[in-house]
Amino acid sequence: GAGVSQTPSNKVTEKGKYVELRCDPISGHTALYWYRQSLGQGPEFLIYFQGTGAADDSGLPNDRFFAVRPEGSVSTLKIQRTERGDSAVYLCASSLRLAGGAGTGELFFGEGSRLTVL
Amino acid sequence: AQKVTQAQTEISVVEKEDVTLDCVYETRDTTYYLFWYKQPPSGELVFLIRRNSFDEQNEISGRYSWNFQKSTSSFNFTITASQVVDSAVYFCALSEAPGGSYIPTFGRGTSLIVHP
């Protein structure tokens, strides 16, 4: 498809387990973002990639969270030793970087991966 | 630091009523971008509009209109003659330019329920 694809759509895991969430952005979009959305809240920024590198990871809550984008396309968000508080919908978005390096274009979001930690 | 406030948590209207969703923002930058997104029950956020800080012209797109006022740091969104399909959560977002990271910061959202 032409949109941002996220897998799995739903993930139920037990406290302490390791989880990987995948994002396949729109082809040609160099910028990729991960957000987390809790019930009744707006998306909360986690990390931003420009190409292969993490340009801003200031939103990652702690060192249990890590994300990679090795070839500048697909990205994986990795959560170690999951906790019940990690339960949320994890949203991925991509955008086309504008001329001059400005990332002011709109973000295109996937449908999210709903993570439930029991 | 940038901040977006959507004071209305939930709005309930009857079909064909007009409704305005409020958005107030805070930023130290003189150049910035404002956005509105719609999140229907399916969950995927859909882009509605982007406005840069130098363009205060109001915009109309069909039943949707946006009122940007720098003097009050507001970027309000009006739906005219609302329809049931407009039921969704609407998010306002702010992205700062030079010196900032262009990463949109979202408000908490306003849930709009349109009754038939």
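Everything in this summary refers to the structure shown in the same document. Since this is a predicted model, take the numbers as computed values, not measurements.

1. Here we look at the overall build of chain A
When helices and strands are tallied, chain A shows zero helices and eleven strands. Moving toward the C terminus, one meets the helices and strands of chain A in the order β-β-β-β-β-β-β-β-β-β-β. Taking 118 residues into account, the globule formula puts the C-alpha radius of gyration at 13 Å, and chain A, at 14 Å, falls close to it. Taking the principal axes of the C-alpha coordinates as reference, chain A spans close to 45 × 30 × 25 Å. A burial count over chain A gives 47% of its 118 residues as buried.

2. With respect to the overall build of chain B
Across its full length, chain B holds zero helices and twelve strands. The N-to-C order of helical and strand elements in chain B reads β-β-β-β-β-β-β-β-β-β-β-β. The C-alpha atoms of chain B give 14 Å as radius of gyration, which agrees with the globular expectation for 116 residues (13 Å, within 12%). Overall size of chain B, expressed as C-alpha extent along the three principal axes, is 45 × 25 × 20 Å.

3. Section: the pattern of salt bridges
As enumerated under the stated definition, the model contains eight salt bridges over all chains in all. One connected set of salt bridges, linked through shared partners, spans A:R64, A:E83 and A:D86.

4. Some thoughts on the packing of aromatic side chains
One pass over the full model with this rule turns up 19 aromatic pairs over all chains. Between B:W36 and B:F77, the ring centres sit 5.3 Å apart and the planes meet at 50°, which makes this aromatic pair tilted. Of the two residues, B:W36 sits in strand β5 (residues 32-39) while B:F77 sits in strand β9 (residues 74-79), which places them 41 residues apart along the sequence. Of the two residues, B:W36 and B:F77, both sit in the buried class. One aromatic cluster is present, built from ring pairs that chain together A:Y35, A:F45, A:F109, B:F35, B:Y37, B:F47, B:F91 and B:F106.

5. Regarding the pairing of strand β3 (residues 19-24) of chain A
All names here are of chain A. On β3, burial follows the alternation: V19, L21 and C23 on one face are buried, whereas E20, R22 and D24 on the facing-out side are not. The sheet contact formed by strand β1 (residues 5-7) and β3 spans three bridges and is antiparallel. In the strand pairing of β3, S5 is matched with D24. With five bridges connecting them, β3 and strand β8 (residues 75-79) associate as antiparallel partners. Note on β8: the bridge partner recorded for R22 is T76.

6. Overview of the layout of surface pockets
The volume enclosed by the largest pocket comes to roughly 760 Å³. Taken together, 34 residues line the largest pocket, and the ones lying closest to its centre are A:Q37, A:L39, A:V89, A:R114 and B:Q39. Mapped by element, the contributors of at least two residues to the lining of the largest pocket are β1, β9 (88-95) and β11 (113-117) of chain A together with β10 (88-96) and β12 (110-115) of chain B. Per-class residue counts for the lining of the largest pocket are eleven nonpolar, 19 polar and four charged.

7. Let's talk about the interface of chain B and chain A
The partner chain A presents 20 residues to the 16 residues of chain B that form the contact. Note on chain B versus chain A: buried area summed over both sides is about 1,700 Å², and carbon and sulfur give 57% of it. On the surface where chain B and chain A come into contact, there are one salt bridge. Notably, a salt bridge pairs A:E106 with B:R50, separated by 2.8 Å at the nearest N-O pair. At the junction of chain B with chain A, the criterion picks out five residue pairs in polar contact (both at pLDDT 80 or more).

8. Observations regarding the sheet that holds β8(A)
Residues and elements named next belong to chain A. If you walk across this open sheet you meet the four strands as β1-β3-β8-β7, and the pairing is antiparallel. Of all strands in the sheet, those with a lone pairing partner are β1 and β7 (65-68), marking the two edges. Strand-to-strand twist of the sheet, defined as the mean angle between neighbouring strand axes without regard to direction, takes the value 15°.

The rules behind these values
- Just so you know, the residues in each chain are numbered from 1, in the order the chain's sequence is written.
- All chains are assigned letters beginning with A, and all ligands numbers beginning with 1, in the order in which they are written.
- Reporting in this predicted model follows two pLDDT cut-offs: at least 70 for local features of residues, and 80 or more for side-chain atom pairs to be given and counted; totals over whole chains, interfaces and linings ignore these cut-offs and use all residues.
- Side-chain measures here rest on the full set of heavy atoms in the structure, leaving out hydrogens and waters.
- Each helix is a run of H or I in the DSSP string that is no shorter than four residues. Each strand is a run of E no shorter than two, and both are numbered from the N terminus.
- Both definitions apply: the radius of gyration is a C-alpha atom measure, and the globule rule equals 2.2 Å times residues to the power 0.38.
- For the exposure calls, accessible area comes from a 1.4 Å probe over protein chains only, and a residue counts as buried if that area is under 20% of its type's maximum, exposed if over 50%, partly exposed in between.
- For this document, the term salt bridge refers to a Lys or Arg side-chain nitrogen within 4 Å of an Asp or Glu carboxyl oxygen.
- Stacked, edge-to-face and tilted are the three classes for Phe, Tyr and Trp ring pairs, Trp counted by its six-membered ring, which pair at centre distances within 6.5 Å; planes under 30 degrees apart are stacked, over 60 edge-to-face, the rest tilted.
- Pairing between strands is defined by DSSP: at least two bridges between them are needed.
- Note on definitions: the grid is 1 Å and covers protein atoms alone; a cavity is a set of points where a 1.4 Å probe fits but cannot get out; a pocket is an open set with protein on both sides within 12 Å along at least five of seven lines; lining residues have an atom within 4 Å of a point.
- Grid points are joined across faces, edges and corners, and a volume is the space filled by probe spheres set on the points.
- Basically, the charged four are Asp, Glu, Lys and Arg, the nonpolar ten are Ala, Val, Leu, Ile, Met, Phe, Trp, Tyr, Cys and Pro, and anything else, Gly included, counts as polar.
- Residue contacts follow a heavy-atom distance rule, with two residues in contact if any of their heavy atoms lie within 4.5 Å.
- Defined in terms of a 1.4 Å probe, buried area is the accessible area two parts forfeit on being brought together, summed over both.
- Here a polar contact is recorded for every N or O atom pair within 3.5 Å, except that within protein the pair must consist of a potential hydrogen donor and a potential acceptor, and residues adjacent in sequence are included only if both atoms are side-chain atoms.
- In this description, a line fitted to the C-alpha atoms serves as the axis of each element, helices being fitted only across the stretch in contact, and the angle between N-to-C directions of two axes falls anywhere from 0 to 180 degrees.

Keep in mind these numbers describe shape, not what the thing actually does.
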